[in-house]
Structure formats: structure tokens, C-alpha cells
Amino acid sequence: MNENLSNLTVIILTFKTKIEILKNCLDTINKEVNILLVENSDNLKNKSELESKYQNLKIICTGSNLGYGGGNNYGLNNVNTEYALILNPDTTCEKNFFLNIKKYLNNEIDFSIIGSTYENESSYKSAGFFNDKKLDKSKFIKEYNLYEVDWIVGCSVLINMKKFNNNFFDENFFLFWEEFDLCKRAKDKNEKVFMSTDLKINHLGFQSSLSKDKEFEIEFIKLRNWHYMWSFFYFHKKHYGFLNAFLKSLGRFLRSIFKILFYTLTFNEKERTTYTFRFLGLFSSMINRKSYFRIKI
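Everything numeric here is computed off the predicted structure, so don't read it as measured data.

Rules of the game
- Residues numbered from 1 in each chain as written.
- Predicted model: local features only at pLDDT ≥ 70, side-chain atom pairs only at ≥ 80, totals over all residues.
- Heavy atoms only, no water.
- Salt bridge = Lys/Arg side-chain N within 4 Å of Asp/Glu carboxyl O.
- Helix = DSSP H or I, 4+ residues; strand = E, 2+ residues; numbered from the N terminus.
- Phe/Tyr/Trp six-rings, centres within 6.5 Å; stacked < 30°, edge-to-face > 60°.
- Buried < 20%, exposed > 50% of the residue type's maximum accessible area, 1.4 Å probe, protein only.
- Lys NZ or Arg CZ within 6 Å of the ring centre and 35° of its normal.
- Axes fitted to C-alpha atoms, helices over the stretch in contact; angles between N-to-C directions.
- Parallel < 35°, antiparallel > 145°, perpendicular 65-115°, else oblique.
- Left-handed = near helix turned anticlockwise from the far one by under 90°.
- Contact = heavy atoms within 4.5 Å.
- Nonpolar A, V, L, I, M, F, W, Y, C, P; charged D, E, K, R; others polar.

Let us look at the pattern of salt bridges. A side chain of one charge can pair with a side chain of the opposite charge if their charged atoms are brought near each other. The full count for this structure, using the stated rule, is 16 salt bridges. Between Lys162 and Glu82 there is a salt bridge, with the nearest N and O atoms lying 4.0 Å from each other. Of the two residues, Lys162 is situated in the loop between β11 (156-160) and α5 (178-188) and Glu82 in the loop between α3 (67-76) and β4 (83-87); the sequence distance between them amounts to 80 residues. Lys187 is the salt-bridge partner of Asp150, the closest N and O atoms lying 3.8 Å from each other. Note that Asp150 is positioned in the loop between β9 (146-148) and β10 (151-152) and Lys187 in helix α5, a separation of 37 residues in sequence. Look at the salt bridges and you will find they share partners, linking Glu148, Asp150, Lys187 and Lys192 into a network.

Structure below.
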């Protein structure tokens, strides 16, 4: 096994993910890399099939849905390598991904987190800054094709394990904003967060669970919107204070009320549900309620 890749564990967090999507992801991971698949429930339906097909794969179950942060923490606490790559199951890695990642695993670069770049970067933003400034070319490390940034997206995250001392994701979040919080805590300690232009992925988006299943469409609309707004307020309150979070959220709060009324009067059930649960998630976070909302599958 390649010495560098032997020091890397890929963590894939799933929740009843369709096996076709999962196989597409697994097929793009170098066979020399250890893979730890963490199923965010008490059972993975295709466990035997996957373990027989992928010899470098180990599967563990959390027992219940711990959310993105809790599920990935569960996996990270079972990692014995110096580096871990969190990879969403609805992603695929470009063919040179693992050839390129090796140069970050040799202790030559001082980093806490390295994020990837979308193949179609024009459609999606894979990294950025908390003050919305643009990429600073003076902070580009040409030798390693790294930009220093404030945050990276959570679908592909290379973590330097020793930088966190087992203090990874804040489990008060259940869904959304967890990676922003992780990056913000690293930056507050003057640690390095980078985006690599050499680590390219394709991301399908919101297909790592049953969220695209028509049978559960409304339930996932409720879940995503409630948690996005709860996490938005919690993140800003945690790092910038209640007043900042309140002012950042006030427009969204008032807009949600208006939209609920409008879509009630126009009999648009789907949009009314969207803004009702945006309002409920934001209000719950404002009054300091825990991130309690769940759906039953």
C-alpha cells in the first residue's frame, strides 16, 4: 500500500442511501485507501453486498440518526490514521483525486482542513470567506495548488486529526452549518483552512438519503428548512452574539411570515410548508430551544 494513502481514512456518512448512488461514490475511491462507512441508523440494508465487493470497506452503524455532525464524529472517533477525508455518498471523485491528495499527507503543509473543488465550480461555490470577500491570489500556494480560505463545503473535507484533539463537529447542529462552525473554530485559533484546486469532485446534491424519494418529499422539505434556519441563527449567535444573529435573521423571519400568509391564501401547500418550517426553525433557535425537530422514515 502507498505509504501516504495508508495514513488516510475516508469516512462516508449515509442514511438509507440508495445503493446505486453509494456504489458510484465507492467506485471512484482508490482501492488502497481505507474506507469507513457510517450508517446513521441501526441497520444498513446492503451491508454484506458492499463489504464483499469492496475489500477496503468497513461498515458501522450508529444505532440512530445522529445528524451530519454526530454521525461524522462517530466515524472520526473510530479512525486510527493521522488524516480523515469526509466524503458525502452523493459525490464522485475525479480520477486523479487520490494521486493529488497524497501531497497533503506528508506533514509538509501546516493545515487543519482542506476542502475540494467542484468540477462545475461556476454553478456551485466550494469555499469562501465569512465577510464575503473574493479569493485572494496572494494567498495561493502554487506548489500545492491551495487557496487559503475561511470556510469550505462539507461534502468533501480533509481533516488533520491531530489539530482537533477529538473536538470535531458541534453536535448541537443536526443538519447544515456544521462545516462552517468547524472552519470558524479553526480560524479563531489561527489555524489554516485551504481549498485545493487539485481535489475535484462531482456532487449530485441532496441525494445522500431518501430526500429525493417522492413518498418523503414533504417530510424532507420540513426537515431541511427547519434545520437550515435553526442552524443559521445558532451559528451566528455562537460566534458573533445574539444581537448579530437577530439582526441577520430579522429579514428572513418577517419574510417567512409574509410568505406563509401569501401561500395560504393562494393554496400553495408546498411553498406554505417550506416557509412555515423556516419560521418554526428560526423561532425555535431564537428562543434557545435545542435542535429537536426530526422526521420518521
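Counted according to the given criterion, the structure contains 25 aromatic pairs. With a centroid separation of 6.0 Å and 40 degrees between ring planes, the pair formed by Phe164 and Phe168 is classed as tilted. One exposure class covers both Phe164 and Phe168, and it is buried. Taking the centre distance of 5.5 Å and the plane angle of 75 degrees together, the rings of Phe233 and Phe242 count as edge-to-face. The class of Phe242 is partly exposed, set by a relative accessible area of 43%. By way of ring pairs, the aromatic residues Phe130, Trp151, Phe176, Trp177, Phe180, Tyr228, Phe232, Phe235 and Tyr240 are connected into one cluster. Positioned above the aromatic ring of Phe174 is the side chain of Arg294, whose terminal nitrogen or guanidinium carbon lies 3.7 Å from the ring centre.

Two elements in contact, helix α6 (residues 217-240) and helix α8 (residues 269-286), have axes separated by 7 Å at closest approach and are oriented at 30 degrees. Put simply, α6 runs roughly parallel to α8. The hand of the α6/α8 crossing is right-handed. Only Lys270, Thr273, Thr274, Phe277, Arg278, Leu280, Gly281, Leu282, Ser284, Ser285 and Met286 of α8 make contact with α6, whose side of the interface consists of Glu217, Ile218, Ile221, Lys222, Asn225, Trp226, Tyr228, Met229, Trp230, Phe233, Tyr234 and Lys237. For the contact of α6 with α8, the class distribution of residues is twelve nonpolar, six polar and five charged.

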